[in-house]
Amino acid sequence: MKHWKKSLLAGMACLTAAIAQTSCNGIDDDLSDCGADVELTYRMRLITNMETEIDSVLSEAGDQPVANQLRQTMRQYFNDQGHDLDLSFYNLMDGMRLKQFDQNMNGQTQATYTIYLEQADYRHTAVANFRQNGIAQWLSPETLRLAALQNSRTDTIDSHQTGIFTGRHTFKVESDDKLSGIVDLYMANSAAAVVIDTLGSSVRGMKAFIEGLSNGFLTADSTYTFSQQQVVRTQLLPVTAGTEVCYYGMGFPSSETPYTRVTPSEAKEGSFWSMVLLVQMPDGSVTRNDLYIHEPLRAANLKIIKLKLKDDGSVETVDVEVSVSVQLNWEDGLHFEW
């Protein structure tokens, strides 16, 4: 009798194990307990022209005070150190978010995490270094198509304060076997700087702005949005030597499509984005310089425009990719806050 009971219990245990093993494979089965550990390695991949741009554009002896300070400042944004990291996992079939995790890479260039995920086809997005950005906010909604980095919605915004990195990965969890994968994260924003030689000029002040940049980034397919025209304020580079002044700013890239209309001047036609330099003269009048750049500003890139300031507040450049339109006694100058 005892042997019979032992055999019955053993058979029931085997049957229970068999059911548990196969219950994740049926169409109508409850899949809530079915899944696998997924080991994902996140790598910060910085591919930038920053050092090359500074070395080539600011190569003269008189440029070195600005070059040295700009290089030091830009390295705060153009670097591959990861910090805050958002990991979102969406169902590839319907785009609904299934899991979300917050991690911290603690300044490392690479980090590996093991995450338990239920059986599904996944579209995974990863976003790093956005929490301290100040302007670009990470919107992590329940649906993949709305997942985006979005600038604050004012017409004039401050410069981005961090370099943001994003990556994505598609994979399938279909068994309880441990899976692994690599997610490379690339920089999503860019920067521009204008360097003005003020030797021999007499001005009361200057301000610089960037126009024509994207206002958002869709993480699902790495596309930039231009639903709102925004102006980016630049910051004055703290340089104490030499005769050059530098303003720099960071935002999302420009469009890959150039302007085709000939307004407000012919200088704009064929350009992709622009910078505005306002120069306040000793008599209080303002000279407006519109700098139209005839090449796109792409992600992870720095563009430096070198200028010479003239007596009337207008500027000239030797950069063949930049055209200049000047308005002396700019009519809105009296309303501008210096």
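Model, not experiment: these values are computed from the prediction.

Each value, and the rule that gives it
- Residues numbered from 1 in each chain as written.
- Predicted model: local features only at pLDDT ≥ 70, side-chain atom pairs only at ≥ 80, totals over all residues.
- Heavy atoms only, no water.
- Pairing = 2+ DSSP bridges.
- Helix = DSSP H or I, 4+ residues; strand = E, 2+ residues; numbered from the N terminus.
- Axes fitted to C-alpha atoms, helices over the stretch in contact; angles between N-to-C directions.
- Contact = heavy atoms within 4.5 Å.
- Core = buried A, V, L, I, M, F, W, Y, C linked by side-chain atoms within 4.5 Å.
- Buried < 20%, exposed > 50% of the residue type's maximum accessible area, 1.4 Å probe, protein only.

Draft legend 1. Inspection of the sheet that holds strand 1 (residues 35–45) at higher detail. Reading across the sheet, the seven strands line up as 3-2-5-9-10-1-4 and stay open at both edges, with mixed pairing between neighbours. Each edge of the sheet is formed by a strand with only one pairing partner; in this case those strands are strand 3 (97–104) and strand 4 (110–118). Within the sheet, the average angular offset between the axes of one strand and its neighbour, ignoring direction, is 20°. As judged from the nine bridges shared by strand 1 and strand 4, these two strands associate in the antiparallel manner.

Draft legend 2. How the structure looks around the sheet that holds strand 20 (residues 302–309). Ordered in space as 16-17-11-20-21, the five strands form an open sheet in which the pairing is mixed. The two strands at the open ends of the sheet, each matched to only one other strand, are strand 16 (235–236) and strand 21 (315–316). As defined by bridge partners, strand 11 (residues 190–197) adjoins strand 20 across seven bridges and the pair is classed as parallel. Each bridged residue has a counterpart across the sheet, and for Ala-193 the counterpart in strand 20 is Ile-304. Of the strands in this sheet, strand 11, strand 17 (244–251) and strand 20 touch helix 3 (residues 64–74), which is tilted by about 20° from strand 17.

Draft legend 3. Seen up close, the nonpolar core. Counting 42 residues, the largest nonpolar core has Tyr-42, Leu-70, Met-74, Phe-78, Leu-85, Phe-89 and Leu-185 as the members making the most contacts within it. Here Leu-70 is in contact with Ile-54, Leu-58, Ala-193, Leu-237, Cys-246, Tyr-248 and Ile-304, once residues within four sequence places are set aside. If you look at the next biggest cluster of nonpolar residues, it comprises 25 residues, including Ile-196, Ala-208, Tyr-247 and Val-279.

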